[in-house]
Every structure is written in structure tokens, then in C-alpha cells.
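The primary structure of each chain is shown beneath.
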Amino acid sequence: MQDLNDMVFFAEVAERGGFAAASRAMGIPKSRLSRRVAELEERLGVQLMQRSTRRLSLTPAGEIYLRHASAMRDAAQAAAEAVAQVQTEPSGLVRLSCPVTIAHSGLAQLMPVFMERYPAVRIDMKVINRPVDLIEEGIDIALRVRPVIEDSTVLVAKTFGYSRGVLAASPELLKRYGPVQTVADLGKLPTASMSVNGEGRSDWRLEGPNGESLVHSHTPLYVADDLATLQFGAIGGVGATMLPDYMCRADMEAGRLVRLLPGWGPPPVIAHMVFPARRALVPAVRKLIDFLMEHLQNEDMRMF
């Protein structure tokens, strides 16, 4: 049977960029690592690494083998952490990522509740709007509001709600330009949008309550690539805009914004979390997954 330690040795050498760096990190002589990787290549009958005095690079076979070797090593580490913590409270570092709007719409208030419940857990939360590569960036859990497109062999996805974009404007804007009673009435309002094309125009793809669909093409008066900025602009009367329903719900209840054309909006998107299956074995990660699913779906607290 293949010695799984050789897979670990290979993964460490490949990820650290050489035998010397791996030797220092693992406390194993460089000569031993070199010999074990060479023996691994001989057993597999394929070259995994291109060696030179200046640098080390992986062959195509080595890149494929590294993915499996890294997954095996990480799964073993997660299993060890799970066994070590099974008799104790969850502890250790959990890395979480989420878009700015989710953080500001409720997640930031939830995290202190979780940390009070599990004081030995440390949280590193990346509040960023770009998609993250969980494996490459070492993220344990990512919250997303977009279609679920994941590699099911590596990541697990759990849906906790759905979000729809809503058309919103301030009451003052509607006083100046008149009520919006039909889709055609949108054309009389100034607008604010996330982006524009080369001609300075933006398109809102809308679906109606009876299956109708149309594209409202407009030239925004105000363009900002941040939803919170658009939200403040809409409240200030700059123009009508499109916002996620969970983000502007409180403003509508307070009368700071008015929903335009109820029933019209873009297709709903799925609010979900994704995480590497192996990391869910770690108690601290598992507890945060369960906590978020419980509270994001709770009728009294949920955002979606």
C-alpha cells in the first residue's frame, strides 16, 4: 500500500516552493524529503516535479497529484482537530467571508452572539464583495447571494433564503417627479445604478407578476459600484435605484424609501453558504455553520 506520508511530503514541498523550505517547516532533513519524493515518483511511474538549481515546478501530472495530496493532508488534519476537540468546547480560528451588504444587514450583529456562546473560538471575517476561492484562500465558510455554481466534489452549499432586487426611491423624489404607477413611468425618474456600458447607459432586467419581462434602459444620474452608497443616494433623493430587498427593508418600513412597482424586479437569487466538506468536520466550523443556518432562517432575525 502507498505510504500516505509521502503524499504529505510532496504536498509540503510543492506548496512551499522547494525542499529547503519544506525541510525547515517540517523539521525533516532536506535529503530525506528529496529521497521520499523521488521514491514516490518511481512508484507512480511518472515525474511530478521539474527540479533545477534555481526553482522547482510541477509537471501536469504533479499539479493533478497535488490537489489530491493536499486534500488528503487537510482532511487528516481536520479529523485530528475534530477528535482532539470532541471532549471539549469548540476552539480555534474560523475564517469567514461575506459581501458588505450581508455584513451590514445583520451578520455583524450576529457574530458577537456566537462569540459569547463559544468564547474559545476566534473569527477572521473578510467583508469583501469579490468572489473568494475557498480552497486557495483558506476560507472556511463563505456567504453568497448569487446563483449556486460550485464544485460539489469539494464544496458543500446550504441555502438559507432567497433575495430579490426591488426598485426604490425616496418619497421626496416622487413628490418632485410624480408617482410611478406603470413601468413606463420609470422613464420620468432620475436613476442611480451600479454600472453603465460604454454609452453611459444601464439596463434593469425586470420580471412582472404575470410572467411579463422587459428591459428598462436608462442613463443614470449617479453611478456607484457599492450598494450601500446607492442606498444612501436613493434616501437622499438622487434617483430611483435597484437594491436587494433585505438591504432596504428597514428603510421602507421607516418611510425613508418607497418601493416602486411592487411585483416587478429582477429574478430572485439564492442566498447560501458554501464550505469545504472537510472543514465542516472541525467543531468550531461546524458550530458556526449550524449557528448561521439557525439564525439566518429564524423568522424573528432572518435577513432573507
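Here, every reference points to the structure presented above.
Heads up: these notes are all about the structure in this document.

Scoring rules and cut-offs
- Residues numbered from 1 in each chain as written.
- Predicted model: local features only at pLDDT ≥ 70, side-chain atom pairs only at ≥ 80, totals over all residues.
- Heavy atoms only, no water.
- Helix = DSSP H or I, 4+ residues; strand = E, 2+ residues; numbered from the N terminus.
- Rg over C-alpha atoms; globule rule 2.2 N^0.38 Å.
- Contact = heavy atoms within 4.5 Å.
- Areas by Shrake-Rupley, 256 points an atom, 1.4 Å probe, with all protein chains shown as cover.
- Lys, Arg positive; Asp, Glu negative; His and termini not counted.
- Charge placed at Lys NZ, Arg CZ, Asp CG, Glu CD.
- Pairing = 2+ DSSP bridges.
- Right-handed = clockwise from strand over helix to strand, strands pointing away.
- Axes fitted to C-alpha atoms, helices over the stretch in contact; angles between N-to-C directions.
- Left-handed = near helix turned anticlockwise from the far one by under 90°.
- Phe/Tyr/Trp six-rings, centres within 6.5 Å; stacked < 30°, edge-to-face > 60°.
- Buried < 20%, exposed > 50% of the residue type's maximum accessible area, 1.4 Å probe, protein only.
- Parallel < 35°, antiparallel > 145°, perpendicular 65-115°, else oblique.

So, on to the overall build of the chain. Along its length, the chain carries 10 helices and 14 strands. Expected size for 304 residues packed as a compact globule is a radius of gyration near 19 Å; at 26 Å, the chain overshoots this value by more than 25%. A separation threshold of at least 6 residues defines the contact pool for the chain, and within that pool the share at least 24 residues apart is 69%. Only carbon and sulfur atoms are counted for the fraction: they give 52% of the accessible area of the chain, which is about 16,000 Å². Distance between charge centres in the chain, computed from 34 positive and 34 negative side chains, equals 4 Å.

What follows covers the pairing of strand S3 (residues 92-98). In regular strands, side chains alternate between the two faces of the sheet. Bridge analysis of S3 against strand S4 (residues 121-127) gives seven bridges, and the strand direction is parallel. Bridging from a neighbouring strand, Ser 97 pairs with Lys 126 of S4. The parallel pair S3 and S4, bridged by helix H5 (residues 100-117), forms a crossover whose chirality is right-handed. The pairing of S3 with strand S5 (residues 141-145) spans two bridges and is classified as parallel. Across the sheet, Leu 96 pairs through a bridge with Ile 141, a residue of S5.

With their axes 9 Å apart at the nearest point, helix H2 (residues 19-26) and helix H3 (residues 30-44) run at an angle of 115 degrees to one another. The chirality of how H2 crosses H3 is right-handed. From H2, Phe 19, Ala 20, Ala 22, Ser 23 and Met 26 reach across to H3, where they touch Lys 30, Leu 33, Ser 34 and Val 37.

Scanning all chains against the criterion turns up three aromatic pairs. Aromatic side chains Phe 10 and Tyr 65 sit 5.5 Å apart centroid to centroid with 65 degrees between the ring planes, which places their arrangement in the edge-to-face category. Taken together, the positions of Phe 10 in helix H1 (residues 4-16) and Tyr 65 in helix H4 (residues 60-85) put the pair 55 residues apart, joining distant regions of the chain. This pair shows no difference in class: Phe 10 is buried, exactly as Tyr 65 is. Judged by centre distance (5.0 Å) and plane angle (50 degrees), the rings of Phe 114 and Tyr 118 are tilted. Just as Phe 114 is buried, Tyr 118 falls in that class too. The rings of Phe 114, Tyr 118 and Phe 291 are connected pair by pair, giving a single aromatic cluster.

Attention now moves to the pairing of strand S10 (residues 213-218). Relative to S10, strand S9 (residues 202-207) runs antiparallel, the two sharing six bridges. Among the inter-strand pairings, Glu 207 is bridged to a residue of S10, identified as Ser 213. The turn linking S9 back onto S10 is made up of five residues, and Gly 211 within it adopts a positive phi angle of 85 degrees.

By the element assignment, Leu 257 lies in the loop between helix H9 (245-254) and strand S13 (258-260). Sequence separation between Leu 257 and Glu 12 is 245 residues, and the spatial gap between their C-alpha atoms is 54 Å. Once you skip the residues sitting within four places of it in the chain, Leu 257 turns out to touch Ala 168, Ala 169, Ser 170, Pro 171, Ala 234, Ile 235, Leu 243, Cys 248, Asp 251 and Met 252.

With that settled, the discussion passes to the environment of Tyr 162. Within the fold, Tyr 162 resides in strand S6 (residues 155-163). On the basis of relative accessibility, which here comes to 53%, the residue Tyr 162 falls in the exposed class. Considered as a pair, Tyr 162 and Met 125 are 37 residues apart in the sequence and their alpha carbons are 22 Å apart.

Remark: H1 packs on H3, axes separated minimally by 9 Å, with the N-to-C direction vectors making an angle of 115 degrees. With respect to H3, the element H1 is oriented roughly perpendicular. Crossing angle aside, the handedness with which H1 passes H3 is left-handed. Residues Asn 5, Asp 6, Phe 9, Phe 10 and Val 13 of H1 pack against Arg 32, Leu 33, Arg 36, Val 37, Leu 40 and Arg 43 of H3.

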